[in-house]
Amino acid sequence: MVKVEKGDYILKMHVRHERKELLDKLLDKQLLLSQKLAVPISLDIYASLSRATTGGKKMSVATISQGQILPVYIAPLNNEKFDGR
């Protein structure tokens, strides 16, 4: 874990290797960035895209097994929820 001072950053990664097939494996790797919010926000989470876009029933609880993937949909924030720009 690396902590940095407040500010704007650009992350660039340059990797070199003689075997292209090993470099190709990096194309699908994930990068996790974590940032604390100055003010907590609440997000509306939905189980489907259609519910998120129409303001349907919100997701309340989900249980998944290890290794499973569960897509969730977050509806856009309205101005009332995001007033701490």
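So, how was this worked out
- Residues numbered from 1 in each chain as written.
- Predicted model: local features only at pLDDT ≥ 70, side-chain atom pairs only at ≥ 80, totals over all residues.
- Heavy atoms only, no water.
- Helix = DSSP H or I, 4+ residues; strand = E, 2+ residues; numbered from the N terminus.
- Buried < 20%, exposed > 50% of the residue type's maximum accessible area, 1.4 Å probe, protein only.
- Contact = heavy atoms within 4.5 Å.
- Areas by Shrake-Rupley, 256 points an atom, 1.4 Å probe, with all protein chains shown as cover.
- 1 Å grid on protein atoms, 1.4 Å probe; cavity = no way out; pocket = protein on both sides within 12 Å on 5 of 7 lines; lining within 4 Å.
- Points joined across faces, edges and corners; volume = space filled by probe spheres on them.
- Nonpolar A, V, L, I, M, F, W, Y, C, P; charged D, E, K, R; others polar.
- Salt bridge = Lys/Arg side-chain N within 4 Å of Asp/Glu carboxyl O.
- pLDDT = per-residue confidence, 0-100.
- Patch = residues over 30% accessible without salt bridge, like charges linked within 9 Å, V, L, I, M, F, W, Y side chains within 5 Å.
- Polar contact = N/O pair within 3.5 Å; in protein donor to acceptor, adjacent residues only side chain to side chain.

Looking at an unreviewed UniProt entry, one finds the protein named Tripeptidyl peptidase II second Ig-like domain-containing protein, with Timema podura as its source organism.

Across its full length, the protein holds two helices and two strands. Moving toward the C terminus, one meets the helices and strands of the protein in the order α-β-α-β. Here the protein, with 85 residues, has 5% of them falling under the buried criterion. In the protein, once contacts between residues fewer than 6 apart in sequence are set aside, the share between residues at least 24 apart is 45%. Roughly 9,100 Å² of accessible area belongs to the protein as shown, and the carbon and sulfur atoms make up 54% of that amount.

Looking now at the layout of surface pockets. What the second largest pocket holds in volume is close to 220 Å³. Residue lining of the second largest pocket: Leu11, Met13, His14, Val15, Leu23, Leu26, Lys29, Gln30 and Leu31, and that is the complete set. Residue composition of the lining of the second largest pocket, by class: six nonpolar, two polar and one charged.

This part covers the pattern of salt bridges. Opposite charge on two side chains allows them to pair when their charged atoms are near. If you walk through the whole model with that rule in mind, you get three salt bridges. Where glutamate 21 meets arginine 19, a salt bridge forms, and the shortest distance between an N and an O atom there is 2.8 Å. The exposure class assigned to glutamate 21 is partly exposed, which follows from its relative accessible area of 44%. What makes arginine 19 partly exposed here is its relative accessible area of 42%.

For the rest of this paragraph, the subject is the confidence of the model for the protein. Mean pLDDT over the protein: 82, with 89% of residues reaching 70 or higher. Within the protein, no element has a lower average pLDDT than helix α2 (residues 49-54), which sits at 88, and none a higher one than strand β1 (residues 45-46), at 92. Every residue in residues 81-85 scores below 50 in pLDDT, and together they form five contacts with partners more than four places removed in sequence or on other chains.

Judged by side-chain polarity, Leu37, Ile41, Leu43 and Ile74 come together as a nonpolar surface patch covering roughly 340 Å² of accessible area. Inspection of the secondary structure puts isoleucine 74 in strand β2 (residues 73-74).

Our focus in this paragraph is the environment of tyrosine 9. Its location among the elements puts tyrosine 9 in the segment before α1 (20-24). Here the side chain of tyrosine 9 touches glutamate 5 through a polar contact of 2.6 Å, landing on its backbone oxygen.

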